[in-house]
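Residue strings, one per chain:
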Amino acid sequence: KLKEQAFKNIKGHSHKILKAVEVAKKAAQTDTTVLLLGESGTGKNVFAEAIHKASPRRDGPFVYINCAAIPENLLESELFGYEKGAFTGATSQKIGKFEQANGGTIFLDEINELPLSLQAKLLHILQNKTFTRVGGLSPVNVDVRIIAASDKDLGMLASEGKFRIRVEQSGVEE
């Protein structure tokens, strides 16, 4: 029942949509990282929210960030936060999106726009569940599920040296 409610905003009755919903429902019951691929405007954000709402993390926060909408020089402090004095204007500590999502889900939309240097930090979070704030010395532990989305072929970007996170596909293919 709860799973069905979580997916009620997904419209469509085609075989591909029904298969995508089926795969998303299965993914919701795991704690694995999810990558949603599809053209712009296909509802990747609707799927991300549905997966979160149907998951055991549903009572935790759902934090959205569009990696393309934030200038590269601000993205690191937006994702990971910063310590007081880390740079000019950092008059207090700031909690980043990953800390805000602790216990829940972070949705990284347009992950293909994440700079290589931040992809390395993201890999560290995936492997160790820790990161360091900008200007920080101590690691911060987080328990967060990552759902990412892209309208680009990440495998091709990886072969071109523009994306460093390995992508394994399963689920719905065109």
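It should be noted that the structure appears before, not after, this text.
To start, this report covers the structure provided alongside it. Residue indices follow the written sequence of each chain, beginning from 1 at its first position. Given that this is a predicted model, residues contribute local features only at a pLDDT of at least 70 and side-chain atom pairs are listed and counted only at 80 or more, while totals for whole chains, interfaces and linings are drawn from all residues. Side-chain calculation: all heavy atoms of the structure are included, whereas hydrogens and water are not.

### Concerning the packing of helix H4 (residues 72-80) against helix H6 (residues 116-128)
Here comes step 1: Here H4 crosses H6 at 15°, and the two axes come no closer than 11 Å. With respect to H6, the element H4 is oriented roughly parallel. The element H4 and its partner H6 pack so that their crossing is left-handed. Packed against H4, whose contacting residues are Leu75, Glu76, Leu79 and Phe80, the element H6 presents Leu118, Lys121 and Ile125 at the interface.
Here comes step 2: Residues are sorted three ways: Asp, Glu, Lys and Arg are charged, Ala, Val, Leu, Ile, Met, Phe, Trp, Tyr, Cys and Pro are nonpolar, and all the rest, Gly among them, are polar. Looking at the contact of H4 with H6, its residues break down into five nonpolar, no polar and two charged. Only C-alpha atoms enter the line fits that serve as axes; for helices the fit covers just the stretch in contact. Angles between N-to-C directions range over 0 to 180 degrees. Helix and strand assignments come from DSSP, with helices taken as H or I runs of at least 4 residues and strands as E runs of at least 2, each series counted from the N terminus. Roughly parallel means an angle under 35 degrees; roughly antiparallel means over 145; roughly perpendicular covers 65 to 115; every other angle is labelled oblique. Note: crossing handedness is left-handed where the near helix turns anticlockwise from the far helix by less than a right angle, and right-handed where it turns clockwise. We call two residues contacting when some pair of their heavy atoms lies within 4.5 Å.

### Focus: the environment of Ile95
Here comes step 1: Mapped onto the secondary structure, Ile95 falls in the loop between H4 and helix H5 (97-100).
Here comes step 2: For every residue, the accessible area obtained with a 1.4 Å probe (protein chains only) is divided by the maximum for its type, and the residue is called buried under 20%, exposed over 50%, and partly exposed between those limits. The class of Ile95 is partly exposed, set by a relative accessible area of 35%.
Here comes step 3: Sequence-wise, Ile95 and Gly135 are 40 residues apart; in three dimensions their C-alpha atoms are separated by 12 Å.
Here comes step 4: Setting aside chain neighbours within four positions, we find Ile95 in contact with Gly81, Gln100 and Arg133.

### So, the pairing of strand S6 (residues 145-150)
Here comes step 1: Counting buried residues along S6, six of its six residues qualify, which places the element largely inside the surrounding structure.
Here comes step 2: Side chains Arg145, Ile147 and Ala149 of S6 all project onto a buried face; the interleaved residues Ile146, Ala148 and Ser150 project onto the opposite face, where all are buried too.
Here comes step 3: Only when DSSP finds a minimum of two bridges between them are two strands counted as paired. Judged from the four bridges that link them, strand S1 (residues 34-37) and S6 form a sheet pairing that is parallel. If you follow Val34 over to S6, its bridge partner there is Ile147.

### Thoughts on the pattern of salt bridges
Here comes step 1: Take a side-chain nitrogen of Lys or Arg and a carboxyl oxygen of Asp or Glu: if they are within 4 Å of each other, that pair is a salt bridge. Applying the stated criterion to the full structure yields 11 salt bridges.
Here comes step 2: Residue Glu22 pairs with Lys19 through a salt bridge whose shortest N-O separation is 3.9 Å. Note that Glu22 and Lys19 are positioned in helix H2 (residues 15-28) at a spacing of three residues, about one turn of the helix.
Here comes step 3: Its relative accessible area of 38% is what places Glu22 among the partly exposed residues.
Here comes step 4: By relative accessible area, which is 31% here, Lys19 ends up partly exposed.
Here comes step 5: Across the salt bridge formed by Asp151 and Lys152, the nearest N and O atoms sit 3.5 Å from each other.
Here comes step 6: When its relative accessible area of 28% is taken as the criterion, Asp151 is described as partly exposed.

### Digging into H4
Here comes step 1: Residues Leu75, Ser77, Leu79 and Phe80 constitute the buried set of H4.
Here comes step 2: Elements that come into contact with the buried residues of H4 comprise strand S2 (62-66), H5, strand S3 (105-109), H6 and strand S4 (130-131).
Here comes step 3: Just past H4, the residue Gly81 takes up positive phi, approximately 75°.

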